[in-house]
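Below, each chain spelled out in residue letters.
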Amino acid sequence: MNRLRFLGSRLVQTLLVLLVVTFVTFAIFSLWPSDPAGLACGKPCTPANLERAREFMGYGDPWYTQFWHYVVGIIKGRTFGSGTGAIACSAPCLGYSFRLSTPVTELILTRLPVTASIAVGAAVLWLVIGVVAGVVSALRRGTRLDRVIMTGTVLGVSAPSYLLGLLGILLLGFTLGLVPTAGYVPLTRDPVGWLWHLVLPWTVLALISAAVYARMVRGEVLENLGEDYVRTGRAVGLSERRVIGRHVMRNVSLPVVTYFALDLGGMLGGAVITERVFSMQGLGSLLMDAVGTVDVPVVMGVTIVSAAFVVVANLLVDAFAAVIDPRV
């Protein structure tokens, strides 16, 4: 029952966070000096045409009224708020791009697989590398292997992602010709090509975070190895594999899961930079172009989807943590 109450409260928090993020983003762009109606009107644009554009797009109302219409439009399916240009569309309707003249939902669904492929693949890779490297380093403390791993983690946490990306492109792409250096192939079209194009982006993103996790896991394992329950387990004859794999790793997994939840937002930020370095057309590229052109519906849509990804992933991580430790 306690777990259900905990997960229920986290679900309510998730919905509130999404609403707050949507509100803040909408307020920022409503107070922005640029006028989206003027940008949509183009040049030359007479005052009469500008006024018609504002009415058409629903920008004549106060911003908080526009926000209410925007939220209702998402739920019921309607573009451009309450203006005369409001057009019915299937809910959830995130509006219509001023710049690309395309439904925002369609743009996001087109770009989302690219960003999701980079972020999810890199997250899996950095967890595996970080945890294994941290455990091995702790169990081989003071050896040459331990020093090599710790030196690698210092390099990993010190190097910017774009620098690792450029280095990977130069060595593995241009010099050795092992992997493609740019572009993206859809998984449904060519699974092997999809995997091959993601090797470098995954590696670049994973190495930085894996270094952080390796240092954290090493410290947690060393601390747990000094606990009484480890000495008791060894004294009663439990194998070292069982002591480490079942008992120590169970205690280490909770802080790892907690940090992973905190890192999810940063993972998306890293994916945006990686998209730019490897010329991939994902949500990051779409967002940056939309911010530059004040394409408000696209900015709002990408922000909401990105925030939803982070808070839902955090919700799943919290559920996992509650299963591991009922005290959570």
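As a convention, each chain's residues are numbered from 1 in the sequence order in which they are written. Where local features are concerned, this predicted model is filtered to residues with pLDDT of at least 70; where side-chain atom pairs are given and counted, the filter is 80 or more; whole-chain, interface and lining totals use all residues. To get the side-chain values, take all heavy atoms of the structure and skip hydrogens and water.

As annotated in an unreviewed UniProt entry, the protein chain carries the name ABC transporter permease and comes from Actinomyces respiraculi. As its UniProt record puts it under Subcellular location (unreviewed entry), the protein chain is described as follows: "Cell membrane". According to the UniProt record, the Sequence similarities (unreviewed entry) comment for the protein chain is "Belongs to the binding-protein-dependent transport system permease family." UniProt positions are given in the numbering used here, feature names are shortened, and annotations may be inferred rather than shown by experiment.

**Student:** With reference to specific residues and values, describe the overall build of the protein chain.
**Tutor:** Strands here mean DSSP runs of E at least two residues long; helices mean DSSP runs of H or I at least four residues long; both are numbered from the N terminus. Of regular secondary structure, the protein chain possesses 12 helices and zero strands. Going residue by residue from the N terminus, the α and β elements of the protein chain occur as α-α-α-α-α-α-α-α-α-α-α-α. Classification of residues uses two cut-offs on accessible area relative to the type maximum, computed with a 1.4 Å probe and protein chains only: under 20% is buried, over 50% is exposed, and between them is partly exposed. Taken across its 328 residues, the protein chain has 43% of its residues classed as buried. Within the protein chain, residue pairs in contact and separated by at least 24 positions form 65% of the contacts whose partners lie at least 6 positions apart. Per-residue and other accessible areas were derived by the Shrake-Rupley procedure at a 1.4 Å probe size, with only the shown protein chains allowed to occlude residues. Summed over its atoms, the accessible surface of the protein chain is roughly 17700 Å², and 67% of this surface lies on carbon and sulfur atoms. In what follows, residue pairs with any heavy atoms lying within 4.5 Å of each other are defined as contacts.

**Student:** Summarise the packing of helix 5 (residues 104-139) against helix 8 (residues 191-225); cite the residues concerned and give the values.
**Tutor:** Between the N-to-C directions of two axes lies an angle of 0 to 180 degrees, each axis being a line fitted to C-alpha atoms and, for a helix, fitted only over the stretch in contact. Where helix 5 meets helix 8, the axes come as close as 4 Å, and the angle between the chain directions of the two elements is 35 degrees. As for the relative orientation of helix 5 and helix 8, their crossing is right-handed in sense. Classification used: nonpolar for Ala, Val, Leu, Ile, Met, Phe, Trp, Tyr, Cys and Pro, charged for Asp, Glu, Lys and Arg, polar for all others including Gly. Partitioning the contact of helix 5 with helix 8 into residue classes produces 23 nonpolar, seven polar and one charged. Left-handed describes a crossing whose near helix is turned anticlockwise from the far helix through less than a right angle; right-handed describes the clockwise counterpart.

**Student:** Hey, could you go over the side chain of Arg218 for me, with residue numbers and the actual values?
**Tutor:** Topologically, Arg218 is positioned in helix 8. Exposure remark for Arg218: the relative accessible area of 17% places this residue in the buried category. Apart from the residues within four sequence positions on either side, Arg218 is in contact with Gly134, Ser137, Ala138, Arg141, Asp146 and Met150.

**Student:** Help me get a handle on the nonpolar core, residues and values and all.
**Tutor:** One recurring pattern in soluble globular proteins: nonpolar side chains tend to sit buried together. Counting residues in each nonpolar core, the largest one holds 29 residues, and the members touching the most others are Trp126, Val221, Val248, Val252 and Phe260. Of all the secondary structure elements, the ones that give two or more residues to this core are helix 5, helix 8, helix 10 (240-277) and helix 12 (296-324). Of all the elements, helix 10 adds the most residues to this core, at 12 residues. Beyond its immediate stretch of four places on either side in the chain, Trp126 contacts Leu205, Ala206, Ser209, Ala210, Tyr213, Phe260, Asp263 and Met267. Take the buried Ala, Val, Leu, Ile, Met, Phe, Trp, Tyr and Cys residues and link them wherever side-chain atoms come within 4.5 Å; each set so joined is a nonpolar core. Counting 22 residues, the second-largest nonpolar core is a separate cluster that includes Phe29, Tyr59, Ile108 and Met300.

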